[in-house]
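Residue strings, one per chain:
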Amino acid sequence: MIAMNENQNIYEAIAFILASLEKQGQASATCKIYKNSLNVFKKYLDKLGITYVNEKICLEYIHAKTGIKVTSFNKKILNPTVNRRMKPLHLLLMYLETGNFHYKPRKIKESF
């Protein structure tokens with residue numbers, strides 16, 4: 001479990017991630033996807049009265065939203081619906097755990 005300290009809560013972390021994506025100059029569509037995804041996650045936490053986040057809670061959320069049970073963030077998932085839910089949560093968990101935010105977009109293959 002990732003324990004939240006007094007000066008960093010889930011909502012602050014989400015706000016920081018979203019602001020960082022914009023500051024990095026990520027495409028507006030990318031920022032919108034992350035914002036929507038994380039806002040839906042916040043509503044899920046609020047509805048269930050959850051005040052902390054860990055991998056298990058994130059995976060339960062993904063299962064609740066997609067109907068697909070995932071056992072770890074470290075497994076390769078080939079389902080785009082699941083991946084859209086996982087990526088923002090994975091960034092959130094990494095930020096809450098380390099205090100660092102590092103978003104690496106997919107590389108685009110060069111045309112022949």
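A brief look at the structure comes next. In this text, all values refer to a predicted model and were calculated from it rather than measured experimentally.

So, the overall build of the protein chain
- Looking only at helices and strands, one finds four helices and zero strands in the protein chain.
- Its helices and strands taken in sequence order, the protein chain reads α-α-α-α from the N to the C terminus.
- Residues classed as buried in the protein chain amount to 37% of the 112 residues present.
- A sequence separation of at least 24 residues applies to 54% of the contacts in the protein chain between residues at least 6 apart.
- Within the structure as shown, the protein chain displays about 7900 Å² of accessible surface, and the carbon and sulfur contribution to it stands at 52%.

A word on the environment of tyrosine 103
- By secondary structure assignment, the location of tyrosine 103 is in the segment after α4 (80-98).
- With 86 residues separating them along the chain, tyrosine 103 and isoleucine 17 place their C-alpha atoms 9.1 Å apart.
- The contact partners of tyrosine 103, leaving out residues within four places of it in the chain, are Leu21, Gln24, Gln26, Thr30, Tyr34, Lys87 and Leu91.

Here we look at the packing of helix α1 (residues 10-23) against helix α2 (residues 28-48)
- Where α1 meets α2, the closest approach of the two axes is 10 Å, and the angle between their N-to-C directions is 175°. Considering the angle they form, α1 stands roughly antiparallel to α2. Note on element contacts: α2 touches α1 through Cys31, Tyr34, Lys35, Leu38, Lys42, Leu45 and Asp46, opposite Ile10, Tyr11, Ile14, Ile17, Leu18, Leu21 and Glu22.
- Within the contact of α1 with α2, the residues separate by chemical class into ten nonpolar, no polar and four charged.

A few points about the pattern of salt bridges
- Enumeration according to the criterion identifies one salt bridge in this entry.
- The closest approach of N and O atoms between glutamate 60 and lysine 56, which form a salt bridge, is 3.1 Å. Separated by four residues within a single helix, glutamate 60 and lysine 56 lie in helix α3 (residues 55-66), roughly one turn from each other.

Section: the packing of aromatic side chains
- Using the criterion set out here, one finds five aromatic pairs in the structure.
- Measuring from centroid to centroid gives 4.9 Å for tyrosine 44 and tyrosine 61, while their planes differ by 65°, and the two rings are edge-to-face. Pair noted here: tyrosine 44 is in helix α2 and tyrosine 61 is in helix α3, with a separation of 17 residues, a long-range link. In terms of burial, tyrosine 44 and tyrosine 61 fall into one category: buried.
- Taken together, the ring pairs in this structure connect Phe16, Tyr95 and Phe101 into an aromatic cluster.

What to know about the nonpolar core
- The biggest cluster of nonpolar side chains holds 31 residues, and the ones touching the most others in it are Phe41, Leu45, Val53, Ile62, Phe73, Leu89 and Leu92.
- Listing elements by their share of this core, those giving two or more residues are α1, α2, α3 and α4.
- Broken down by element, the residue count for this core peaks at eight residues, all from α4.
- Leucine 45 has contacts with Ile10, Ile50, Val53 and Ile57, leaving out every residue within four places of it along the chain.

What counts as what
- Residues numbered from 1 in each chain as written.
- Predicted model: local features only at pLDDT ≥ 70, side-chain atom pairs only at ≥ 80, totals over all residues.
- Heavy atoms only, no water.
- Helix = DSSP H or I, 4+ residues; strand = E, 2+ residues; numbered from the N terminus.
- Buried < 20%, exposed > 50% of the residue type's maximum accessible area, 1.4 Å probe, protein only.
- Contact = heavy atoms within 4.5 Å.
- Areas by Shrake-Rupley, 256 points an atom, 1.4 Å probe, with all protein chains shown as cover.
- Axes fitted to C-alpha atoms, helices over the stretch in contact; angles between N-to-C directions.
- Parallel < 35°, antiparallel > 145°, perpendicular 65-115°, else oblique.
- Nonpolar A, V, L, I, M, F, W, Y, C, P; charged D, E, K, R; others polar.
- Salt bridge = Lys/Arg side-chain N within 4 Å of Asp/Glu carboxyl O.
- Phe/Tyr/Trp six-rings, centres within 6.5 Å; stacked < 30°, edge-to-face > 60°.
- Core = buried A, V, L, I, M, F, W, Y, C linked by side-chain atoms within 4.5 Å.

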